[in-house]
Number of protein chains: 8
Amino acid sequence: MNENNIKDILSAVKDNELSIDDAIKEFKELPFTDLGFAKIDNHREIRVGYPEVIYCEGKTVEQVREIIKFMLTKNNNILATRATKEMYEAVKDLNPLIRYNELGRVITAKIKPVEETKSYIAIVSAGTSDLSVVEEAKETALILGNKVKVITDVGVAGIHRLFARLEEIRAAKVVIVAAGMEGALGSVLGGLVDKPVIAVPTSVGYGANFNGLSALLSMLNSCASGVSVVNIDNGFGAAYNASMINKL
Amino acid sequence: MNENNIKDILSAVKDNELSIDDAIKEFKELPFTDLGFAKIDNHREIRVGYPEVIYCEGKTVEQVREIIKFMLTKNNNILATRATKEMYEAVKDLNPLIRYNELGRVITAKIKPVEETKSYIAIVSAGTSDLSVVEEAKETALILGNKVKVITDVGVAGIHRLFARLEEIRAAKVVIVAAGMEGALGSVLGGLVDKPVIAVPTSVGYGANFNGLSALLSMLNSCASGVSVVNIDNGFGAAYNASMINKL
Amino acid sequence: MNENNIKDILSAVKDNELSIDDAIKEFKELPFTDLGFAKIDNHREIRVGYPEVIYCEGKTVEQVREIIKFMLTKNNNILATRATKEMYEAVKDLNPLIRYNELGRVITAKIKPVEETKSYIAIVSAGTSDLSVVEEAKETALILGNKVKVITDVGVAGIHRLFARLEEIRAAKVVIVAAGMEGALGSVLGGLVDKPVIAVPTSVGYGANFNGLSALLSMLNSCASGVSVVNIDNGFGAAYNASMINKL
Amino acid sequence: MNENNIKDILSAVKDNELSIDDAIKEFKELPFTDLGFAKIDNHREIRVGYPEVIYCEGKTVEQVREIIKFMLTKNNNILATRATKEMYEAVKDLNPLIRYNELGRVITAKIKPVEETKSYIAIVSAGTSDLSVVEEAKETALILGNKVKVITDVGVAGIHRLFARLEEIRAAKVVIVAAGMEGALGSVLGGLVDKPVIAVPTSVGYGANFNGLSALLSMLNSCASGVSVVNIDNGFGAAYNASMINKL
Amino acid sequence: MNENNIKDILSAVKDNELSIDDAIKEFKELPFTDLGFAKIDNHREIRVGYPEVIYCEGKTVEQVREIIKFMLTKNNNILATRATKEMYEAVKDLNPLIRYNELGRVITAKIKPVEETKSYIAIVSAGTSDLSVVEEAKETALILGNKVKVITDVGVAGIHRLFARLEEIRAAKVVIVAAGMEGALGSVLGGLVDKPVIAVPTSVGYGANFNGLSALLSMLNSCASGVSVVNIDNGFGAAYNASMINKL
Amino acid sequence: MNENNIKDILSAVKDNELSIDDAIKEFKELPFTDLGFAKIDNHREIRVGYPEVIYCEGKTVEQVREIIKFMLTKNNNILATRATKEMYEAVKDLNPLIRYNELGRVITAKIKPVEETKSYIAIVSAGTSDLSVVEEAKETALILGNKVKVITDVGVAGIHRLFARLEEIRAAKVVIVAAGMEGALGSVLGGLVDKPVIAVPTSVGYGANFNGLSALLSMLNSCASGVSVVNIDNGFGAAYNASMINKL
Amino acid sequence: MNENNIKDILSAVKDNELSIDDAIKEFKELPFTDLGFAKIDNHREIRVGYPEVIYCEGKTVEQVREIIKFMLTKNNNILATRATKEMYEAVKDLNPLIRYNELGRVITAKIKPVEETKSYIAIVSAGTSDLSVVEEAKETALILGNKVKVITDVGVAGIHRLFARLEEIRAAKVVIVAAGMEGALGSVLGGLVDKPVIAVPTSVGYGANFNGLSALLSMLNSCASGVSVVNIDNGFGAAYNASMINKL
Amino acid sequence: MNENNIKDILSAVKDNELSIDDAIKEFKELPFTDLGFAKIDNHREIRVGYPEVIYCEGKTVEQVREIIKFMLTKNNNILATRATKEMYEAVKDLNPLIRYNELGRVITAKIKPVEETKSYIAIVSAGTSDLSVVEEAKETALILGNKVKVITDVGVAGIHRLFARLEEIRAAKVVIVAAGMEGALGSVLGGLVDKPVIAVPTSVGYGANFNGLSALLSMLNSCASGVSVVNIDNGFGAAYNASMINKL
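Residues numbered from 1 in each chain as written. Chains lettered and ligands numbered in written order. Predicted model: local features only at pLDDT ≥ 70, side-chain atom pairs only at ≥ 80, totals over all residues. Heavy atoms only, no water.

### Quick look at the domain arrangement of chain A
Residues and elements named next belong to chain A. Assigned domains of chain A: these are domain 1 (19-109) and domain 2 (120-246). Of the residues lining the interface, 17 residues belong to domain 1; the matching set on domain 2 comes to 15 residues. Across the interface of domain 1 and domain 2, roughly 1300 Å² is buried in total on both sides, 60% from carbon and sulfur atoms. Here domain 1 and domain 2 share two salt bridges between them. With its nearest N and O atoms 3.0 Å apart, the salt bridge here joins Arg82 to Glu136. For the pair domain 1 and domain 2, the interface holds five residue pairs in polar contact (both at pLDDT 80 or more). Looking at the side of domain 1 that touches domain 2, the elements that each hand over two or more residues are β2 (78-81), β3 (98-101) and β4 (106-109). The class makeup of the residues in the side of domain 1 that touches domain 2 is eight nonpolar, five polar and four charged. (Domains from an automatic or database assignment. Contact = heavy atoms within 4.5 Å. Buried area = accessible area lost by both parts, 1.4 Å probe. Salt bridge = Lys/Arg side-chain N within 4 Å of Asp/Glu carboxyl O. Polar contact = N/O pair within 3.5 Å; in protein donor to acceptor, adjacent residues only side chain to side chain. Helix = DSSP H or I, 4+ residues; strand = E, 2+ residues; numbered from the N terminus. Nonpolar A, V, L, I, M, F, W, Y, C, P; charged D, E, K, R; others polar.)

And the structure:
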């Protein structure tokens, strides 16, 4: 409901085409969201091109299939995270464009084209065990239309490997760092690049990593400025964030 | 040491103005950082205009005075966080441009101009008790050359206050949210704006907030995409991050 | 043992129908609970109509069957929470009124009628993954004789969905909110309704939700007044509480 | 802005006392909250008689004085929690009705009458060290218009003390329990009364109570149904909640 | 109220000296505790000779003085733990027998004699920093009438010191072990003596002892059988427990 | 090596049946434990009649069988805790006296008689879900020669059940309390009996019991004196402790 | 790139065999690591003889096979930790020297000889349940060329067992201690030997050991000097560390 | 008691100078420590030259003065950690060699010479705020007779600073790393040097470092091998450990 709507109602009242009571009723009958939250909807429209994201954990195979089926009718791009292989098997007949990244546990379908960014997101990871988070981030970034460069296995235990790839990382517009154990790569990179660094702690590690807590605290306490953090193993969240920044 | 330096040495060698042994010596005498990390230095040069940041906690008044004094000789802008009033009293005679934000515990001095951004950073906070974090973030963002819009006291307990300011928040290029207690403002804003949101949990609250842990976990677990998190009460970190994004 | 019992004994003593020693014996032979805790029993009687509640976790299928079998002989309504499908299969032959809510893991049997409340309990949830808690709460509320309105998937990531349903929520006498991840829905609703809000943190979420800890802390620290909290995933407890309030 | 305001404007338009443009302007000039959140405001109006609550922690003496001064101009009842004696000294000259409860750290001023409830809230506490929480709860409940009965020092270490007061507790419409250490009183009372019990864990205790964590977990895990929990030491929150229920 | 009281009432009823209604009234007027909890009171009586214990933390100097003053009128022995020196100064004039153990923060007054046990309690501690807990335990044990043997500074870092005192420890009827840091003395002693060992973790130690958590967990996880644990720094609780066992 | 052994050697030296060098050799050849820790061995001898205890968790079926087989050759009573049914199946042919308590996961074999105590241990539990801990405690207490009285399902949610059994509990020499959830039964009993109470927190409960942490903290923070605590679910440890006290 | 390389380039420039631009290019084209991190590579060369270590957790059987296959082509010794039996089955055909330690979950292959140390590492453990950590440490130490002495089952519950083996432990150059539960063995040994002690907390134990946290905190808080700690269950890390020290 | 003592007794028995009973008595009367733990004492003698260490925290000024006074009579070197300036003032008159390191809170007195090591310990720290830990470690290492090289302010936020000092670090025999915040320096150094690295987490940092927990977990989870950890802020422990290794 915008100014014009209000004007129309007022004119109708003034012209005796609408009784005061009916005018009040119109004000009151307008769905709340339409009145106060029209902007929210517009705001959703701005995001057109972004796929709806389905978080599969805690959903049944049937629910996932129903959601994807429905979204395909709306011609949406599909991004389903934390999807099991069984879910993929259950949906792959719905559209030939449906793909599954097993390591990243991601189902995607690029139904309609998304304009690709000029700049790229660097996704950097410490060890091979962080790869599932890397893949989730990569698939998310790609379906959102980003160029991506993936640089793995450059953990600080052999820091020269990181330096060998530093130029590529610095050339990115935004950097995602996935690291488990002590998560030191976040701080080290934060001190070496002047781009926003989004750190993803991973749950990889021995006993006292407490399912990612050690890397999480490490990254939150980074002595390097310019590092922000998302949830443990949340490759999707990092990439979504990075995509927003990459598209600025 | 940059390309020109190398060129100069090589030319001198070529022209017999410098013996090979002396040339090698020059290479070797150069501080390691100059040689191996020229790129890092260049990288630092790119950051020119950025003030060196002094984290005052755990430093003595004398140390802070010495550091600021030295930096002023280099004509640097000054940003000293977590500074006590006593520190300010001890340094204010060093330069007439030195200012102190008591609430934010920040000493600044804009010695040389920094080009101001066109876009602005929105700094949004939940309650009046979060103001010290807001002020730290604001001073940081300003000294780094950002336009800033501060919107306070829009916590979710009275969510209409937030909606009244939503347009201003959405018009920002990047949003900082500071909130204590349950930190819900991070998620709510994350769902309402399509800009990167940097959440700062604050240590404000009753007993079981455990010095900011509740807001921290809340923000890390935000159901809204596009929210990344910095350390508890880390207004500086949020603003540094936001500045990087705002200047992209 | 109530006042009438005491009167009868005293009358019998007075009328020499009962010797003092026998009277003392009767007092002493009465189970302690009957004597000292008559009020407790009365208090239980007041609750008539309330089903006995069986918490199945940690019980064997056989134990659950025995308890339900016994309770049916007493004509009780049945509410068994955290019941597996196997338990249901083992008891369904005991009475044709036995039903199973698989999502909520609840076995119920409405053996005798319970008067239905006029006012209703609103059960509001953030995401589809919170549904099992919602179902447990709903079944509990229904068997206790409450009218219930369930409103799901109105999490703060898309807050307009919540506003669209606000009237219905406000019309309830008491509101249950189930939310995982950051649990922000608790605070947001607490700020929007003037009815008691009972918040149930759920264990839904990524890594650092620590099995519901993040939502739990979030809800305990709610900046909105009027929100109280029950245990993680404790849909039953929330509904039992809400029922008490709804029946006031 | 309520229905009458809208009617007035519409009438003025209809009667040509107000041009359409001016009417639109009035709508637009109204603070957003008035327009889009009329229901919220109405909802606030319903709460008339409720004092605005000032949470003093983290505020300066001056800020508290300014807020109270302003609220007095609006003829509001005053409830300021976590107020230091210094704050009280700074505001007491503002109005002769201003009182201070030192133990509960609460400033109140009953400027306009609030209708008193018929039923009462029982505030029960385990030990004398919980008294400050009890006082905060009591002052809150009173200023909100509730009858209150305070029953202290009935902790489970001497459970007969509790039984001696049980009738009074059972006669309440809603019960607040404040207990530190192991917080067992919450469960014990939950099993003895059939009214909603709101438990407030307090930070009272030896080493491993971890500032109230032990009582908090204890109360959340209560084996008795009908117990909900608020934050550690949050007497205000418990009483606000209880008041809502007491007024149903 | 015991059997005789009931008999009296019944006799009076039988003899028409008391109407039935009045008899019921008497039953009902009797304080609940007298009726249902006579055993509890008797049980308290059995404990005669035990001083009432005053936990001073969270109490004001005035409150402590009032309680002690009152107890002295009842000729009770006094044991006040966690008492500040200021409290002692405020009460010492009440009775010449009042003493203060500054290290243990305990006020005692042996007003009436307590029979001394034949067997003794051994109180063993690891380091000199645990002495305040040792003193609290010692004063408690003494006022309760126990013989006590204190053996300090026998921590496992120099385990030969422990062995030199082992015979004395083994000759005790029950052993209290106070240890901070890693609390290993609990397990070591548990493996060397065949008496019940009550372990008190103390909050002594460097950073990651987390205020006694490390010693607490250590003692709870003792690989030696026969070790039970009380709260951190709870010398009183350990001694109270040990006294119960010593008097069996 | 006991006093008699030393006497024999000395006699042989005196009688020239043994050279001094050979005597020294005998002393030195004796395993260190025999020499330096003769008292420990004596100490072990005092414990004769106590079964060796096998903690089966983390051991293979084969290891358990080998240990039991060996102990049987020494005519020891057997107590194997945390034993799987598979372990029982693998050992039951070793001796016809071998029994298995499935609920308590305990293998026992009473090979030689143990003198039974006159006094008994009361094992009290809150809910039926605590039964496995109760059974572990019971089997341990029995094989160690104690009389045992088991009183289950007297949790504080229906405290009258506890009072009905109080006499039996008070008649015990030492009381074990097993309770999960909020573990309030420990404090309540501690306030009602004047015997040592050993509390076992159990891991039974909803979400925020954090695997027994809530009951553990609750019991450690008991407001009642005379309660000591063993590890979560450690029925064995509680019974071993109680047995020591029961035999004093 | 070493001094000679620089000399060659400079000579070529001087001799006009290389233009200045091409010389600069050569400098710039050199991989960063070759230039700046030559020392790192040398440093790796010093470690020759050390096997590359494969951490198998989170890797697929195929990945492990590929890595081992590749390393064998380079004639490396193999050390693969946290390897499943399935992994071993998948690689054992690659080389006849491949062995599997099932208890320690370690695959090794001694392809080329490593000089054995004269001094030895003592690996001491508390209980039989710590054996898997002991075996991981032992295999690691052996493949790195250390002499090893393993001393198990000397936990502090029967401390005489430890003293019987003390000489052997003291004769080691460095000591590894693996212990779960309360981990007291670390402190006890730290007080008895004057060699560096590396403590490995293990995750063995009842409820409140919290997966090794109790032993970890215990060891970090050791009252004995000379004890340092590695991660929970990290037998490999302890042995790698010990090997470094043993080879000094 | 050594072999000669035993021989003397035996000879006396043989020669009838000592009755068997008296001989047994002598064995029994010998202090346990003399008999069984002679080796422990010798072991202490081996450590001669090491100063006794006084941990001042929790001790009174008087106690510290008494201990130091006593030790000076034995001509011991003094090392007192966590000493306040007040303690220093109270002891400095005892000996002119007494010094105080205020930053490190360490009192030392080198009364007798200690042979200095040839190799040195490198003490490396991340930020200037870690200096107090560095100073504690340095003073400890020096008094124990080690050469020390201190390298500060080389945190990973500006990693080039670390590389500039790498040669010096690598030339040490053992490396101490002190770092707060995310403690990444431990891992980074662990990957760059092939000497044992002893990491000291410090409690320096913003909110979610939780008093050193983040650095502690970070260091325990180091992805680099060869890193062991001591307690938070435990500079003394690190240096004691390093000294042991440096002297091998």
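### Quick look at the packing of helix α11 (residues 213-220) of chain D against helix α11 (residues 213-220) of chain F
It is at 8 Å that the axes of α11(D) and α11(F) come closest, and there the two elements cross at 125°. By the angle between their axes, α11(D) is oblique relative to α11(F). Like other packed secondary-structure pairs, α11(D) and α11(F) cross with a definite hand, here left-handed. Across the interface between the two elements, Leu213(D), Ser214(D), Leu217(D) and Ser218(D) of α11(D) pack against Leu213(F), Ser214(F), Leu217(F) and Ser218(F) of α11(F). A breakdown of the residues in the contact of α11(D) with α11(F) according to their chemical character gives four nonpolar, four polar and no charged. (Axes fitted to C-alpha atoms, helices over the stretch in contact; angles between N-to-C directions. Parallel < 35°, antiparallel > 145°, perpendicular 65-115°, else oblique. Left-handed = near helix turned anticlockwise from the far one by under 90°.)

### Looking at the environment of Ala83(F)
All names here are of chain F. Relative to the elements of secondary structure, Ala83 occurs in the loop between β2 (78-81) and α6 (85-91). Taking the relative accessible area as the measure of exposure, Ala83 reaches 0% and is therefore buried. Ala83 sits 26 residues away from Glu57 along the chain, and the two C-alpha atoms are 7.1 Å apart. Apart from the residues within four sequence positions on either side, Ala83 is in contact with Cys56, Tyr100, Arg105 and Ile107. (Buried < 20%, exposed > 50% of the residue type's maximum accessible area, 1.4 Å probe, protein only.)

### Here's the deal with the side chain of Ser214(A)
Relative to the assigned elements, Ser214(A) resides in helix α11 (residues 213-220). The exposure class assigned to Ser214(A) is buried, which follows from its relative accessible area of 0%. Dropping the residues within four chain positions of it, Ser214(A) is found in contact with Met181(A), Glu182(A), Ala208(A), Asn209(A), Leu217(H) and Asn221(H).

### Regarding empty space enclosed by the protein
In total, this model carries five cavities of 30 Å³ or more according to the counting rule given. Volume-wise, the second largest cavity comes out at about 50 Å³. What lines the second largest cavity is Pro196(C), Ile198(C), Ser228(C), Asn241(C), Ile245(C), Pro196(D), Val197(D), Ile198(D), Ser228(D), Asn241(D) and Ile245(D). Listing elements by their share of the lining of the second largest cavity, those giving two or more residues are α12 (235-246) of chain C together with β8 (197-201) and α12 (235-246) of chain D. Split by residue class, the lining of the second largest cavity holds seven nonpolar, four polar and no charged. (1 Å grid on protein atoms, 1.4 Å probe; cavity = no way out; pocket = protein on both sides within 12 Å on 5 of 7 lines; lining within 4 Å. Points joined across faces, edges and corners; volume = space filled by probe spheres on them.)

### Details of the confidence of the model for chain A
Residues and elements named next belong to chain A. Put simply, chain A has an average pLDDT of 83, and 86% of its residues get 70 or more. Here residues 28-49 is modelled with pLDDT under 50, and outside its nearest four sequence neighbours on either side it reaches 47 contacts, counting other chains as well. Both confidence scores are given for the complex: pTM 0.82, ipTM 0.80. (pLDDT = per-residue confidence, 0-100.)

### Focus: the pattern of salt bridges
Close approach of charged atoms allows side chains of opposite charge to pair. Residues and elements named next belong to chain G. Enumeration according to the criterion identifies 64 salt bridges over all chains in this entry. Measuring nitrogen to oxygen at the nearest pair gives 3.3 Å for the salt bridge that ties Glu139 to Arg99. Taken together, the residues Glu139 in helix α7 (residues 131-143) and Arg99 in strand β3 (residues 98-101) connect sequence positions 40 residues apart. A residue is classified by how much of its surface remains accessible, and Arg99, at 46% relative accessible area, is partly exposed.

### Focus: the packing of aromatic side chains
Residues and elements named next belong to chain B. This structure, assessed with the given rule, holds 20 aromatic pairs over all chains. Ring plane angle 10° and centroid distance 5.1 Å describe the contact between Tyr88 and Tyr100, whose orientation is recorded as stacked. With a gap of twelve residues between them, Tyr88 in helix α6 (residues 85-91) and Tyr100 in strand β3 (residues 98-101) connect regions that are remote in the sequence. By relative accessible area, Tyr88 is classed as buried at 17%. Residue Tyr100 is classed as buried on the basis of its relative accessible area of 17%. The ring centre of Tyr120 lies 4.9 Å from the NZ or CZ of Lys149, which sits over that ring. (Phe/Tyr/Trp six-rings, centres within 6.5 Å; stacked < 30°, edge-to-face > 60°. Lys NZ or Arg CZ within 6 Å of the ring centre and 35° of its normal.)

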